[in-house]
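The residues making up each chain are set out below.
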Amino acid sequence: MNTPMHTGWDRLLAAGIWAIAWLAMTLLDARVDLANLAMILVLAAALSSLWLAAWASLMASVAGALAFNWMFVPPRGTFSVDLRQHALLLGAMLLVNTIVTGLVARLRASARQAFAQAARAEQLRNWGERLRDEADPAVHLGALRELLQAAAGVPAAVIVLPPPAATRPPGSAAPELPLGALTAGEVDADQAAGLRLCLREGRALGRDTGRYEDQPDLYLPLRGRQAC
């Protein structure tokens, strides 16, 4: 999926959250018990993961747990843990931080994917409107192919009806189109036949469409007012 982009402001905000958490734990030391101090650390890890990459958030959680052990867990100033409940507390705290980091990372990835898909859908909708208003859609053939190729991340080919056929009613048979004039992209004989079938019927076909799913490629119609 997409690689997340984190700005300097994101890292600064995350650092501020951790700084506030450590200040709060220092001020509350000896006033509340160790479990309540640990909850502040868990809260800081959860909040900072909203602005940090997953690996950075996980590293900050591990470093925070080690620093918490050094500063607050008896005997202080060492990494040793005398009591079983302290070891359990540190382990549970690190486990919760790791789970929260993973869940937030998945949520952010899903949100980025949804926004990207919405943007691509809006692009294609705008292209559909443009082609409907264009007397000769073939002039946009190359640009439309580049858009589809960039959106899908795989090679794409586009076939367009010539202007005289643009008024043909949906579902009527399309003639054998001259591929060199009205097709952008390299296609073999099977792919050319699939493009013409998709254009003629105005229905998607190929994998995950319920029609001709044995085909390795995906064919999608871009519907106009009276034809595809």
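Our subject is the structure that appears above.
Predicted model only: the values in this text are computed from it and were never measured.

What counts, and at which threshold
- Residues numbered from 1 in each chain as written.
- Predicted model: local features only at pLDDT ≥ 70, side-chain atom pairs only at ≥ 80, totals over all residues.
- Heavy atoms only, no water.
- Helix = DSSP H or I, 4+ residues; strand = E, 2+ residues; numbered from the N terminus.
- Buried < 20%, exposed > 50% of the residue type's maximum accessible area, 1.4 Å probe, protein only.
- Contact = heavy atoms within 4.5 Å.
- Areas by Shrake-Rupley, 256 points an atom, 1.4 Å probe, with all protein chains shown as cover.
- Expected span 1.5 Å × (residues − 1).
- Arc of directions from axis to C-beta.
- Salt bridge = Lys/Arg side-chain N within 4 Å of Asp/Glu carboxyl O.

Participant: What is the right way to read the overall build of the protein from this model?
Facilitator: Tallying secondary structure elements over the protein gives seven helices and four strands in all. Ordered by position from the N terminus, the helices and strands of the protein form the series α-α-α-α-α-β-α-β-α-β-β. Per-residue burial over the protein gives 30% buried out of 228 residues. At a minimum sequence separation of 6, the contacts of the protein that also span at least 24 residues come to 54%. Per element, the accessible surface of the protein, about 13,900 Å² overall, is 63% carbon and sulfur.

Participant: Can you help me understand unusual backbone geometry in this one?
Facilitator: With the exception of glycine, most residues fall at negative phi, and the peptide bonds are largely trans. At the junction of Pro74 and Pro75, the peptide bond is cis and its omega measures out at -10° in the coordinates. Mapping Pro75 onto the fold places it in the loop between α3 (54-72) and α4 (84-132). Its identity is not glycine, yet Ala30 carries a phi of approximately 75°, on the positive side. Inspection of the secondary structure puts Ala30 in the loop between α1 (8-28) and α2 (34-48).

Participant: Before we go on, may I ask you to explain α2 in this structure?
Facilitator: Think of an α-helix as 3.6 residues a turn; residues three or four steps apart then line up on the same face. Between its terminal C-alpha atoms α2 stretches 21 Å, which fits the 21 Å expected from 15 residues at 1.5 Å a residue. Looking at α2, one finds that the buried residues are Leu34, Leu37, Ala38, Leu41, Val42, Ala44, Ala45 and Ser48. In a view along the axis of α2, the buried residues occupy a sector of 160°, so they form one face of it. Turned more than 90 degrees from where α2 packs its buried face, Met39 and Leu43 sit exposed. In this fold, the buried residues of α2 make contact with α1, α3 and α4.

Participant: I tried to follow the pattern of salt bridges on my own but got confused; where do I start?
Facilitator: Opposite charge on two side chains lets them pair, provided their charged atoms get close. Evaluation of the coordinates by the stated rule reveals three salt bridges. Of the charged contacts, one joins Asp29 and Arg76 as a salt bridge, the two residues approaching to 2.6 Å between their closest N and O atoms. Taken together, the residues span a long stretch of sequence, with Asp29 in the loop between α1 and α2 and Arg76 in the loop between α3 and α4 at a distance of 47 residues. Overall, the relative accessible area of 45% leaves Arg76 in the partly exposed class. Residues Glu201 and Arg211 are paired through a salt bridge, measuring 2.3 Å at the closest nitrogen-oxygen approach. Taken together, the residues span a long stretch of sequence, with Glu201 in helix α7 (residues 189-201) and Arg211 in the loop between β3 (205-206) and β4 (218-219) at a distance of ten residues.

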